[in-house]
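# Structural overview
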Protein chains: 2
Amino acid sequence: MSGWLAIAGLGPGAEALVTPEVSAALAEATDVVGYIPYVARVAERPGLTLHASDNRVELDRARQALDLAARGRRVVVVSSGDPGVFAMAAAVFEAVESGESGWRDLDIRVLPGITAMLAAAARVGAPLGHDFCAINLSDNLKPWDIIEKRLRLAVEADFAMAFYNPRSKARPDGFARVLDVLRKRCEASRPIIFARAVSRSDEDVRVVPLAQARPEMADMSTVVIVGSSTTRIIERSGAPLVYTPRSVPA
Amino acid sequence: MSGWLAIAGLGPGAEALVTPEVSAALAEATDVVGYIPYVARVAERPGLTLHASDNRVELDRARQALDLAARGRRVVVVSSGDPGVFAMAAAVFEAVESGESGWRDLDIRVLPGITAMLAAAARVGAPLGHDFCAINLSDNLKPWDIIEKRLRLAVEADFAMAFYNPRSKARPDGFARVLDVLRKRCEASRPIIFARAVSRSDEDVRVVPLAQARPEMADMSTVVIVGSSTTRIIERSGAPLVYTPRSVPA
């Protein structure tokens, strides 16, 4: 039996946002490896072993998956969103680089998915319709100074911005500092989108001007999108539309 | 009959990368509107009218779609990739804002898709595994100075970068200038990924160090990914793996 490893993106939550490519890989798998709530999204069936693990053990989980594939199993590592955006793909390749030499020549594929910022953007309009950046606000794996420097430069470049992992119980204060940095550099009316659990039953999306943004509007299930200086709001009878025009005047 | 408008992302090309949500919208549509090669990806069937138009008429196309929806049709505007990333969603909202007041209260949804940079990243590993930005290199809709300023700031922020629309017959020289800007600011070994037509039959993906990158390696069907200073290459018997680690050392 020839093993393989697919690192698959399950999208933000709804089954209708899982690509057929990912569904096909799950149907062929003998083993699914991942963080508990993502593995819980995979239906049990005979012949499939589910390996769920807690958060913050990404490298151990990656090694377990590589070891299973090396022993001939057909393994899917599940991530939410897209596996290449602040998710499991980089962890697997870190494990490959530092691990057994045989792991390099395994059949490893990355199966893209709908990442949180694009699902969130779609819900409100097209706030990422022009140049933008994506920043992970967790300082577990990088110094805070780097986050602040990137924020300042992103505002100077006038990118729209998407923030992943804005706030957690272990890091309650960082996002307040992010809002302070933005308030010093952006107009008070700049649109901020707080998009929580997009496409899931507990979805909650709100759009507020920067002046009204509060740290407690975000948690670890929230992606935050900050408009650029050109981002516009279209008022209407329902929720407003937010979009960033394609053009920048000379 | 109650009309609606869905702005849908068809992904980079393969049917296996079209979400079930998009397939369902196409199955319910009475009209599909879009650029000729994207409309050509939709199967003809009785009751479905295909409206294919040439490039560079995005606003006219958006108005046509809004007008059809206002007249009670079920309309899908098709984009490649994700409609919110350098595609039709922003054009539709520009048309809504400047158009008939009744258009604001239409049932308009954006259906996300797999955007080119994420499909390209998945093919080579996880080069966008840490903070990154996406820049449209076309200067049709913005001054060249803005592009160069954003490039300089993105290098200073040490983002990985994805470039859309790097080069066309009408704009043969801009991408050469982009490479010049990068060569002045980045080490010669910085990995550059040229990913053309990912997931299509004519897919062509190559990874070269910046010193060997040439303008003619890109065309309008190419997305270019530039690693950050921490991006790594894992050599192996097949094509090398490229990934950006999750952590930045203090």
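Source: prediction; values computed, not measured. (Residues numbered from 1 in each chain as written. Chains lettered and ligands numbered in written order. Predicted model: local features only at pLDDT ≥ 70, side-chain atom pairs only at ≥ 80, totals over all residues.)

Regarding its fold elements, chain A presents 7 helices and 13 strands. Its C-alpha atoms give chain A a radius of gyration of 20 Å, near enough to 18 Å, the size a compact globule of 250 residues would have. Projected onto the principal axes, the alpha-carbon positions of chain A cover approximately 60 × 40 × 40 Å. Residue burial in chain A is summarised as follows: out of 250 residues, 52% are buried. The contacts in chain A between residues at least 6 apart in sequence include a share of 74% that link residues at least 24 apart. (Helix = DSSP H or I, 4+ residues; strand = E, 2+ residues; numbered from the N terminus. Rg over C-alpha atoms; globule rule 2.2 N^0.38 Å. Buried ≥ 20, exposed ≤ 12 C-beta atoms within 10 Å, placed from the backbone. Contact = placed C-beta atoms within 7 Å.)

Looking now at helix 3 (residues 58-70) of chain A. Residues and elements named next belong to chain A. Between the first and last C-alpha of helix 3 there are 18 Å, a value that for 13 residues agrees with the 18 Å anticipated at 1.5 Å per step. When helix 3 is considered as a whole, its buried residues turn out to be Glu58, Arg61, Ala62, Arg63, Ala65, Leu66, Leu68 and Ala69. Where helix 3 is buried, its residues contact strand 1 (4-9), strand 2 (31-35), strand 3 (49-53), strand 4 (74-79) and helix 4 (88-98). Trailing helix 3 by a residue or two, Gly72 shows a phi angle of about 95°, which is positive. (Expected span 1.5 Å × (residues − 1).)

Another aspect to go through is the environment of Asp145(A). By the element assignment, Asp145(A) lies in helix 6 (residues 144-157). We classify Asp145(A) as exposed; it has 11 C-beta atoms within 10 Å.

Attention now goes to the nonpolar core. Membership of the largest hydrophobic core comes to 169 residues, with the highest contact counts inside it found for Val77(A), Val92(A), Ile225(A), Val77(B), Val92(B) and Ile225(B). Contact partners of Val92(B), with chain neighbours within four places excluded, come to Ile7(B), Ala62(B), Ala65(B) and Val77(B). (Core = buried A, V, L, I, M, F, W, Y, C linked by C-beta atoms within 7 Å.)

Quick look at the domain arrangement of chain A now. All names here are of chain A. When its domains are assigned, chain A resolves into domain 1 (4-114) and domain 2 (117-243). Relative to domain 2, the C-alpha centre of domain 1 lies at a distance of 28 Å. Between domain 1 and domain 2, the residue contacts involve 7 residues of the former and 10 residues of the latter. Class assignment for the residues of the side of domain 1 that touches domain 2 results in 6 nonpolar, 1 polar and no charged. (Domains from an automatic or database assignment. Nonpolar A, V, L, I, M, F, W, Y, C, P; charged D, E, K, R; others polar.)

The partner chain B presents 60 residues to the 60 residues of chain A that form the contact. Across the side of chain A that touches chain B, the residue classes break down as 37 nonpolar, 9 polar and 14 charged.

Least-squares fitting of chain A to chain B yields an RMSD of 0.0 Å, with the superposition described by an axial translation of 0.0 Å and a rotation of 180°. Each copy turns onto its partner about a two-fold axis. Scanning chain A for the C-alpha nearest the rotation axis identifies Cys133(A), at a separation of 1.9 Å. Interface overlap between copies is the fraction of interface residues in one copy that are interface residues in the other; for chain A against chain B it reaches 100%, indicating a shared surface. (Least-squares fit on C-alpha atoms with pLDDT ≥ 70 in both.)

Taken N-terminus to C-terminus, the directions of helix 6 of chain A and helix 6 (residues 144-157) of chain B make an angle of 180°; their axes are 9 Å apart at the nearest point. Here helix 6 of chain A is positioned roughly antiparallel relative to helix 6 of chain B, judged by the angle of their axes. Where helix 6 of chain A abuts helix 6 of chain B, its residues Lys149(A), Arg150(A), Leu153(A), Ala154(A), Glu156(A) and Ala157(A) lie against Lys149(B), Arg150(B), Leu153(B), Ala154(B), Glu156(B) and Ala157(B). Taken together, the residues of the contact of helix 6 of chain A with helix 6 of chain B break down into 6 nonpolar, no polar and 6 charged. (Axes fitted to C-alpha atoms, helices over the stretch in contact; angles between N-to-C directions. Parallel < 35°, antiparallel > 145°, perpendicular 65-115°, else oblique.)

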